[in-house]
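Listed here are the chains, written in short residue letters.
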Amino acid sequence: MTPSRTAFAAILAKDLRSELRTLQSLPAMALFSVTTFVIFRFGLDRTSLSGSLAAGVLWATLLFAGVLGINRLFVAEREEGGFDAIRLAPIDRSVLFAAKVAALLIYLAALELVAVPIFAVFFLDGGAGLGPLVAVLLLTDLGLAATGTLISSMAVNSRARDLLVPLVLLPLVVPLMIAATGATEPLLSLGGPSYHRFGTWLMVLGLYDLIFSLVGYAVFDFLLED
Amino acid sequence: MRSSPEKAEPAIVVAALRRDYGDRPALDGVAFELAAGESLVVLGPNGAGKTTLLRILATLLRPSGGEARVLGCSLPSEAWKLRGKIGYLGHEPLLYRDLSGRENLHFQARLHGIEREAAEARIEELLRTIGMDRRADERVAELSAGMRQRLSICRCVLHQPELLLLDEPDSNLDVEGRDLARELIGPGTGRTRVVVTHDPERHLPEADQVLRLGIGERAVVS
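Residues numbered from 1 in each chain as written. Chains lettered and ligands numbered in written order. Predicted model: local features only at pLDDT ≥ 70, side-chain atom pairs only at ≥ 80, totals over all residues.

## Some details on the overall build of chain B
And step 1. On a plain count of helices and strands, chain B comes out with 7 helices and 10 strands.
And step 2. A compact globule built from 222 residues would reach a C-alpha radius of gyration of about 17 Å, and chain B, at 18 Å, matches this within 12%.
And step 3. Viewed in the frame of its principal axes, chain B has a C-alpha envelope of about 55 × 45 × 35 Å.
And step 4. Taken across its 222 residues, chain B has 48% of its residues classed as buried.
And step 5. Put simply, of all contacts in chain B between residues at least 6 apart along the chain, 70% involve residues at least 24 apart. (Helix = DSSP H or I, 4+ residues; strand = E, 2+ residues; numbered from the N terminus. Rg over C-alpha atoms; globule rule 2.2 N^0.38 Å. Buried ≥ 20, exposed ≤ 12 C-beta atoms within 10 Å, placed from the backbone. Contact = placed C-beta atoms within 7 Å.)

## What about the overall build of chain A?
And step 1. Regarding its fold elements, chain A presents 10 helices and 0 strands.
And step 2. N-terminal to C-terminal, the α/β element order of chain A is α-α-α-α-α-α-α-α-α-α.
And step 3. Whereas a compact globule of 226 residues would reach a radius of gyration of roughly 17 Å, chain A reaches 18 Å, a difference of no more than 12%.
And step 4. Considering chain A as a whole, with its 226 residues, one finds that 46% of them fall into the buried category.
And step 5. Intrachain contacts of chain A at a sequence separation of at least 6 include 85% that bridge at least 24 residues.

## With respect to the pairing of strand E2 (residues 24-34) of chain B
Residue and element names in this part refer to chain B.
And step 1. Relative to E2, strand E1 (residues 12-21) is paired through 7 bridges, and the arrangement is antiparallel. Residue pairing for E2: Arg19 is matched across the bridge by Leu27.
And step 2. Hairpin connection between E1 and E2: a loop of 2 residues separates the two successive antiparallel strands, and Gly22 in this loop has a positive phi of roughly 65 degrees. (Pairing = 2+ DSSP bridges.)

## A short note on the interface of chain A and chain B
And step 1. Chain A puts 24 residues into the contact, and the matching count from chain B is 23 residues.
And step 2. When contributions to the side of chain A that touches chain B are tallied by element, the ones reaching two or more residues are helix H1 (4-22) and helix H5 (82-88) of chain A.
And step 3. The element that contributes the greatest number of residues to the side of chain A that touches chain B is H1 of chain A, accounting for 8 residues.
And step 4. Classifying every residue of the side of chain A that touches chain B gives 10 nonpolar, 6 polar and 8 charged. (Nonpolar A, V, L, I, M, F, W, Y, C, P; charged D, E, K, R; others polar.)

## Topic: the sheet that holds strand E8 (residues 192-196) of chain B
All names here are of chain B.
And step 1. The mixed open sheet is built from 6 strands, whose spatial order is E6-E7-E8-E3-E9-E10. Of all strands in the sheet, those bounded by a partner on one side alone are strand E6 (86-89) and strand E10 (220-221).
And step 2. Relative to strand E7 (residues 163-167), E6 is paired through 4 bridges, and the arrangement is parallel. Counterpart to Tyr88 in the pairing with E7 is Leu165.
And step 3. Lying over the sheet, helix H1 (residues 50-57) contacts strand E3 (39-43), E7 and E8, oriented at roughly 150 degrees with respect to E8. (Axes fitted to C-alpha atoms, helices over the stretch in contact; angles between N-to-C directions.)

## Here's the deal with the sheet that holds strand E5 (residues 73-75) of chain B
Residue and element names in this part refer to chain B.
And step 1. Read across the open sheet, the 4 strands follow the order E2-E1-E4-E5; overall the sheet is antiparallel. Single-partner strands in this sheet number two, and they are E2 and E5. Each strand axis lies, on average, 25 degrees off the axis of its neighbour in the sheet, ignoring direction.

## So, unusual backbone geometry
Backbone phi values are negative for most residues with the exception of glycine, while trans is the configuration of most peptide bonds.
Residues and elements named next belong to chain B.
And step 1. Here the bond from Leu75 into Pro76 is cis, since omega is 5 degrees, no more than 30 degrees from zero.
And step 2. Within the element layout of this structure, Pro76 appears in the loop between E5 and helix H2 (79-82).
And step 3. With a phi close to 50 degrees, Ala16 is a non-glycine residue in the positive phi region.
And step 4. Structurally, Ala16 is set in strand E1.
And step 5. For Ala16, a count of 13 C-beta atoms within 10 Å gives the class partly exposed.
And step 6. Even without being a glycine, Gln160 presents a positive backbone phi close to 55 degrees.
And step 7. Gln160 gets classed as partly exposed once you count the C-beta atoms within 10 Å, which come to 13.

## Quick word on the packing of H1 of chain A against helix H6 (residues 94-123) of chain A
Residue and element names in this part refer to chain A.
And step 1. At a closest axis distance of 9 Å, the pairing of H1 and H6 adopts a crossing angle of 40 degrees. Taken together, the axis directions place H1 and H6 in an arrangement best described as oblique. As H1 runs across H6, the sense of the crossing is right-handed. Counted together, Ser4, Ala7, Phe8, Ile11, Leu12, Asp15 and Leu16 of H1 and Val95, Leu96, Ala98, Ala99, Ala102, Ala103 and Ile106 of H6 form the full contact between these two elements.
And step 2. The residue makeup of the contact of H1 with H6, split by class, is 12 nonpolar, 1 polar and 1 charged. (Parallel < 35°, antiparallel > 145°, perpendicular 65-115°, else oblique. Left-handed = near helix turned anticlockwise from the far one by under 90°.)

## Some points on the packing of helix H3 (residues 51-71) of chain A against helix H8 (residues 161-172) of chain A
All names here are of chain A.
And step 1. In the contact formed by H3 and H8, the axes pass within 10 Å of each other and the chain directions differ by 130 degrees. Judged on the interaxial angle alone, H8 and H3 are oblique. The chirality of how H3 crosses H8 is right-handed. Residues Val67, Ile70 and Asn71 of H3 form the contact with H8, whose participating residues are Arg161, Asp162, Val165, Pro166 and Leu169.

## What to know about the environment of His159 of chain B
All names here are of chain B.
And step 1. The topology assignment puts His159 in the loop between helix H5 (145-157) and E7.
And step 2. Counting along the chain gives 51 residues from His159 to Gln108, while the straight-line C-alpha distance between them is 8.5 Å.
And step 3. Apart from the residues within four sequence positions on either side, His159 is in contact with Gly84, His112 and Ile114.

## Looking at the nonpolar core
And step 1. Formed by 138 residues in total, the largest nonpolar core has its most connected members in Leu205 of chain A together with Val42, Leu57, Ile153, Cys154 and Leu165 of chain B.
And step 2. With 14 residues, the top contributor of residues to this core is H6 of chain A.
And step 3. In this structure, Val42 of chain B is in contact with Lys50, Leu53, Val194, Val195, Val196, Leu211 and Leu213 of chain B, ignoring residues within four places of it in sequence. (Core = buried A, V, L, I, M, F, W, Y, C linked by C-beta atoms within 7 Å.)

## Here's the deal with helix H3 (residues 101-111) of chain B
And step 1. For H3 of chain B, the tally of buried residues reaches 11 of 11 residues, placing the bulk of the element in the interior.
And step 2. What H3 of chain B keeps buried is the set Gly101, Arg102, Glu103, Asn104, Leu105, His106, Phe107, Gln108, Ala109, Arg110 and Leu111 of chain B.
And step 3. Elements in contact with the buried residues of H3 of chain B: H1 and H5 of chain A together with helix H4 (116-130) and H5 of chain B.

## What about the pairing of strand E9 (residues 209-212) of chain B?
Residues and elements named next belong to chain B.
And step 1. With 4 bridges connecting them, E3 and E9 associate as parallel partners. Within the sheet, the bridge partner assigned to Leu40 lies in E9 and is Gln209.
And step 2. Of the pairings in the sheet, the one linking E9 to E10 comprises 2 bridges and is antiparallel in character. Each bridged residue has a counterpart across the sheet, and for Arg212 the counterpart in E10 is Val220.

Structure (structure tokens):
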């Protein structure tokens, strides 16, 4: 068997190289988030947001932008025979799951590097809450990446892939979004960040990440079967 | 006193093999044995189940019934033991279109756990042999179907598999390409081979056995 670390690095490097070369996911995700912020800004007719409204606008935008990347996560494997190549190689198939989660995590982080500063410029009076927001972003991204990878691998064989991913994914990430907005809300409060129940929400996010990472690891091998 | 050598186990043993797609049987009652180093040529019309048979032997499809034993491993229960021992050349080249040919082969080499320097040497040797060394840095999407097939042949034998499962290996290849491909996947390599073909004139002379599949008919081995 090929060491899992070697296979993981190979698949992740392949995905990132392909994305950098073709730019099929990241620019679309970033453009979507910027456009959505513009729509919210003029739709709400507010130049400043705080608390739950700010958290809702941020996470709704990031979630739907993330779905664009999740939709395309396994397209190359499906259309170019990558699934077969990986199934023929002497590797633990769960490595593919781990590498795809890592790739999606990097895409989401890159998206947030663009989207969060723009969100702050559009809607926030100050950037005091952005430091601790990084922890919320990381934990939410991990949960979204684990769940998104799982759903994307199931949907990729369907012709209705673009429809199936949001239909199945969105209900599954409701708890994640509740926890993410719950943790973000006090950070973006009017008058500066507070940490009311912040730790509790982070623990909920961590638990969600753990559960869906383990579920993905456990069932991914079966999903690759014919 | 030396013990008498035991008869070697065949490389492939298939008995009453069946595969259904829903209610439709794609393959039914296939049986043959193939010794190590021998070549089996599989013939039959479109839809007879040739590709299905090959994908079952490659562990990419589960049989619906019957027995299949490949390189001493029962399918599908011991399929995991066969990973890395099979070279599979299918209808799809199994190459990523946005990577170059060389990048694809390096990616495959890493998946198969081949050390970097050994992989480098092996890839260059294969690319030279198949006549692709000058085009290997171009993206696969920009190559012709024949060139992709040449790269796919390199991918198929990169990890020195014991068993070659070749689904119409000559497709899209020109005359020169076919001759070069023989060096890597022909009977002279000494590997056990199962070759699906629509070109019996070319492949029958090198066959140790021939399996004829028909639609709704019993498979015949000769």
